[in-house]
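In case you want the letters, here they are:
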Amino acid sequence: MKTIELREKRFNRVITVVSILVPVVVAMLFRVKLPNVEPLTFLPPIYATINGITALLLILAVWAIKQGKRKLHQNIMTTCIVLSGIFLLMYIAYHMTSESTPFGGEGNIRYVYYFILISHIILSILIIPLVLKTYARAYLGKFEAHRKLAKITFPIWLYVAVTGVVVYVMISPYYAH
């Protein structure tokens with residue numbers, strides 16, 4: 001087997017494990033509340049901002065690659081992955097120290113909110129292997145395969161980033177202060 005194929009096979013194993021472990025660990029940690037720890041109620045606007053920055057950077061990354069600025073594109077995409085990791089850590093920390101905030105809106109806005117929230121959660125789980133596989137293909141120099149997968153990954157990741165901000169804006173009036 002060729003070296004690139006072997007490396008890709010190893011990457012795919014790691015991606016599969018990470019893609020399963022992250023949602024499972026997050027779901028498990030949701031049930032854990034740290035005793036005698038001050039609630040980290042300041043985190044939601046920070047991680048919502050991180051989602052917003054990620055959305056803007058994703059758009060900038062597409063612009064960069066269309067302009068032939070491959071290194072800029074690579075740096076921006078790496079930054080997006082790092083920001084997503086920071087978001088995840090803050091999100092977990094918040095939920096381990098604070099009770100979940102129920103949505104207080106009434107009427108049809110509840111359906112809108114829950115549609116956005118549920119689609120955001122489902123796609124945030126599905127985006128993990130897509131982002132990692134897309135990134136791995138570029139890393140391995142498989143640019144045509146990278147490009148094909150990126151056409152699927154980009155709009156989903158952008159949706160997840162934008163809806164993360166929308167969910168925050170919609171629920172923020174109901175946070176206990």
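First things first, this report covers the structure right here in the doc. (Residues numbered from 1 in each chain as written. Predicted model: local features only at pLDDT ≥ 70, side-chain atom pairs only at ≥ 80, totals over all residues. Heavy atoms only, no water.)

Let's talk about the overall build of the chain
Item 1. Counting its secondary structure elements, the chain contains five helices and zero strands.
Item 2. Shown N-terminal to C-terminal, the secondary structure of the chain runs as helices and strands in the order α-α-α-α-α.
Item 3. By principal-axis analysis of the C-alpha atoms, the chain measures approximately 55 × 35 × 25 Å.
Item 4. Split into buried and exposed, the 177 residues of the chain put 33% on the buried side.
Item 5. Here the analysis covers contacts within the chain between residues at least 6 apart in sequence; of these, 78% occur between residues at least 24 apart.
Item 6. Element-wise, carbon and sulfur atoms account for 70% of the exposed surface of the chain, whose accessible area totals about 11000 Å².
Item 7. Across the chain, 18 positive and 6 negative side-chain charges occur, with their mean positions spaced 14 Å apart. (Helix = DSSP H or I, 4+ residues; strand = E, 2+ residues; numbered from the N terminus. Buried < 20%, exposed > 50% of the residue type's maximum accessible area, 1.4 Å probe, protein only. Contact = heavy atoms within 4.5 Å. Areas by Shrake-Rupley, 256 points an atom, 1.4 Å probe, with all protein chains shown as cover. Lys, Arg positive; Asp, Glu negative; His and termini not counted. Charge placed at Lys NZ, Arg CZ, Asp CG, Glu CD.)

Observations concerning the packing of aromatic side chains
Item 1. What the rule picks out here adds up to 12 aromatic pairs.
Item 2. Each ring, one from Tyr47 and one from Phe87, has its centre 5.3 Å from the other, and the planes form 90°; the classification is edge-to-face. A residue pair is termed long-range when its members are at least 10 positions apart, and Tyr47 in helix 2 (residues 43–66) and Phe87 in helix 3 (residues 70–97) qualify at 40 residues. In this structure, Tyr47 and Phe87 share a single accessibility class: buried.
Item 3. Consider the rings of Phe87 and Tyr91, whose centres lie 5.5 Å apart with planes at 25°: the pair is stacked. With Phe87 and Tyr91 both in helix 3 and four residues apart, the pair spans about one turn of that helix.
Item 4. Under the relative-accessibility criterion, Phe87 is labelled buried at 16%.
Item 5. Aromatic rings pair up to connect Phe30, Tyr47, Phe87, Tyr91, Tyr94, Tyr168 and Tyr175 into one cluster.
Item 6. Looking at Arg70, its charged tip hangs above the ring of Phe143, at a distance of 4.1 Å from the centre. (Phe/Tyr/Trp six-rings, centres within 6.5 Å; stacked < 30°, edge-to-face > 60°. Lys NZ or Arg CZ within 6 Å of the ring centre and 35° of its normal.)

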